[in-house]
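Single-letter residue listing:
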Amino acid sequence: MAKLSLFPTRNPSARAAAHRAMAKSALFSDSSAAVRLKRYNHHIEKARAFEAEQVHNRRSRLMQAYDTLRAENAEVSQ
């Protein structure tokens, strides 16, 4: 069975932006200040997690490319 998702996109940047928008709207909702702050903090944490995931993925791809280039250079110099 397919997993249903609130955000069908797999792009962490888009998901982070969506959570930032939800965080901003939580501040202006018709709720108590404690509830609004709790919702805001929840969405900001999620946005930061998606952004950290994106940085990790980029760093991993760069390290993979670096390792590939080092291996190719090692073969050429032998």
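The rules behind the values
- Residues numbered from 1 in each chain as written.
- Predicted model: local features only at pLDDT ≥ 70, side-chain atom pairs only at ≥ 80, totals over all residues.
- Heavy atoms only, no water.
- Helix = DSSP H or I, 4+ residues; strand = E, 2+ residues; numbered from the N terminus.
- Buried < 20%, exposed > 50% of the residue type's maximum accessible area, 1.4 Å probe, protein only.
- Contact = heavy atoms within 4.5 Å.
- Axes fitted to C-alpha atoms, helices over the stretch in contact; angles between N-to-C directions.
- Parallel < 35°, antiparallel > 145°, perpendicular 65-115°, else oblique.
- Left-handed = near helix turned anticlockwise from the far one by under 90°.
- Salt bridge = Lys/Arg side-chain N within 4 Å of Asp/Glu carboxyl O.

A. Quick look at the overall build of the chain. Helix and strand content of the chain: two helices and zero strands. Here the chain, with 78 residues, has 15% of them falling under the buried criterion. Across the chain, every contact between residues at least 6 apart in sequence was considered, and the portion connecting residues at least 24 apart equals 47%.

B. Structural context of the packing of helix H1 (residues 12-27) against helix H2 (residues 33-77). Two elements in contact, H1 and H2, have axes separated by 8 Å at closest approach and are oriented at 165°. When the axis of H1 is compared with that of H2, the two are roughly antiparallel. The way H1 lies across H2 gives a crossing that is left-handed. On H2, the residues that touch Pro-12, Ser-13, Arg-15, Ala-16, His-19, Arg-20, Met-22, Ala-23, Lys-24, Ala-26 and Leu-27 of H1 are Arg-36, Arg-39, Tyr-40, His-43, Ile-44, Lys-46, Ala-47, Arg-48, Phe-50, Glu-51, Glu-53 and Gln-54.

C. Local environment of the pattern of salt bridges. The tally for this structure, following the rule as stated, stands at one salt bridge. Linking Arg-20 and Glu-51 is a salt bridge whose minimum nitrogen-to-oxygen distance equals 3.1 Å. Highlighted residues: Arg-20 in helix H1 and Glu-51 in helix H2, separated in sequence by 31 residues. Under the relative-accessibility criterion, Arg-20 is labelled partly exposed at 30%. The class of Glu-51 is partly exposed, set by a relative accessible area of 30%.

By themselves, these observations are geometric and do not establish any function.
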